[in-house]
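# Tertiary structure, described
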Amino acid sequence: MIPAKFGYVRPTSLADAIAALAGNGEDAKVIAGGQSLIPLLRLRLTDTGLLVDIGRLEELRDVVDEGATLRIGALTTHYELVHDPLIAEHCGLIAAAAATVADPAVRHRGTFGGSLAHADAAGDLPAVAVALDAVVLASGPAGEREIPAAGFFADYLTTTLAADEIVTGIRVPKLGASGGWGYRYEKFHRTAQAWAIVGVAAAVRRGNGQVTEARVGLTNMGMVPVRATAVEAALASGASATEAAAVAAEGTNPSGDLNASEDFRRHLATVLVRRGLEAAGA
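Now for a look at the structure at hand. Computed from a predicted structure; not experimentally measured.

## What about the pattern of salt bridges?
Counted under the stated rule, the structure contains 18 salt bridges. A salt bridge links arginine 227 to aspartate 133; the nearest nitrogen and oxygen atoms lie 2.9 Å apart. In this pair, arginine 227 is assigned in strand S14 (residues 226–227) and aspartate 133 in the loop between helix H8 (124–131) and strand S6 (135–140), connecting sequence segments 94 residues apart. For the salt bridge of arginine 184 with glutamate 186, the shortest nitrogen-to-oxygen distance reads 2.9 Å. A relative accessible area of 12% places glutamate 186 in the buried class. Here the residues in one salt-bridge network are Asp133, Arg205, Glu213, Arg215, Arg227 and Glu232, joined through shared partners.

## Topic: the sheet that holds strand S2 (residues 28–31)
Judged by pairing direction, the sheet is parallel, and its three strands sit side by side in the order S1-S3-S2 without closing on themselves. Strands at the two margins of the open sheet, each flanked by one partner only, are strand S1 (7–9) and S2. Recorded for the sheet is a direction-independent mean angle of 25° between the axes of neighbouring strands. As paired elements, S2 and strand S3 (residues 50–53) share four bridges and run parallel to each other. Counted as the bridge partner of isoleucine 31 is aspartate 53 from S3. Across the sheet, helix H1 (residues 14–22) lies against S1, S2 and S3, angled at about 165° from S3, the strand it touches most.

## Observations concerning the side chain of arginine 265
Tracing the backbone shows arginine 265 in helix H12 (residues 262–281). Residue classification places arginine 265 among the buried positions, given a relative accessible area of 1%. Not counting chain neighbours up to four residues away, the residues in contact with arginine 265 comprise Ile197, Val198, Asn220, Met221, Pro254, Ser255, Gly256, Asp257, Asn259 and Ala260.

What counts and how
- Residues numbered from 1 in each chain as written.
- Predicted model: local features only at pLDDT ≥ 70, side-chain atom pairs only at ≥ 80, totals over all residues.
- Heavy atoms only, no water.
- Salt bridge = Lys/Arg side-chain N within 4 Å of Asp/Glu carboxyl O.
- Helix = DSSP H or I, 4+ residues; strand = E, 2+ residues; numbered from the N terminus.
- Buried < 20%, exposed > 50% of the residue type's maximum accessible area, 1.4 Å probe, protein only.
- Pairing = 2+ DSSP bridges.
- Axes fitted to C-alpha atoms, helices over the stretch in contact; angles between N-to-C directions.
- Contact = heavy atoms within 4.5 Å.

Here it is, written out as structure tokens:
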């Protein structure tokens, strides 16, 4: 199909991009890599009066060490997430999940900020952001504000971003091997390019032979990415990976579709959480 007619601008600065959005209200959409938005436009599942292309704003692409956290620019591609040395050292879970996204062509174009702003519960990186207690940085006419990932995803394909705001970066805590953390991203899907039927982002910290802290996020187990708090609480009380995984579906609301029923997704969550915890804890 052919998209409906729309306008197009390519700002040369973040300020110009924000001004373009502010001048067009909810009729404008931001595009960076375009790996999610372009298919929706082609199928006419969404439309826009104006595309604001921020893909060449290099100021939104850096990965910066801030001490206890990393600040990852919104335009950092999935490929760059996989291969950046700072991310590999301090936030390996992000690299592991990004490596499973679609195929190399998509990973070279799709961006971290775009993945979060698109807010597809079947996407891999939103669940990782929730599990890591990441903070989304958004800029608009009033300046920059911080939005905890847990409060960023409002509903299916819906975020708490204002119409005139742009995701400029993501701040994540350092959860690297030097701090005793292990990680794993487990994913079940039909083909290499398909969305996850269920995915699990697991980070486990060990000390004195025991799990001292765990963070677990679930992909495609509800309308938004889900934090598996029941699993985390079980591990904190001394449960084994198998025992903790048994409560993986608590607090979730998976949908049924052609790929899987609700019960099958609950079963997958249990299996994948166990695998993820065992691998991360090892």
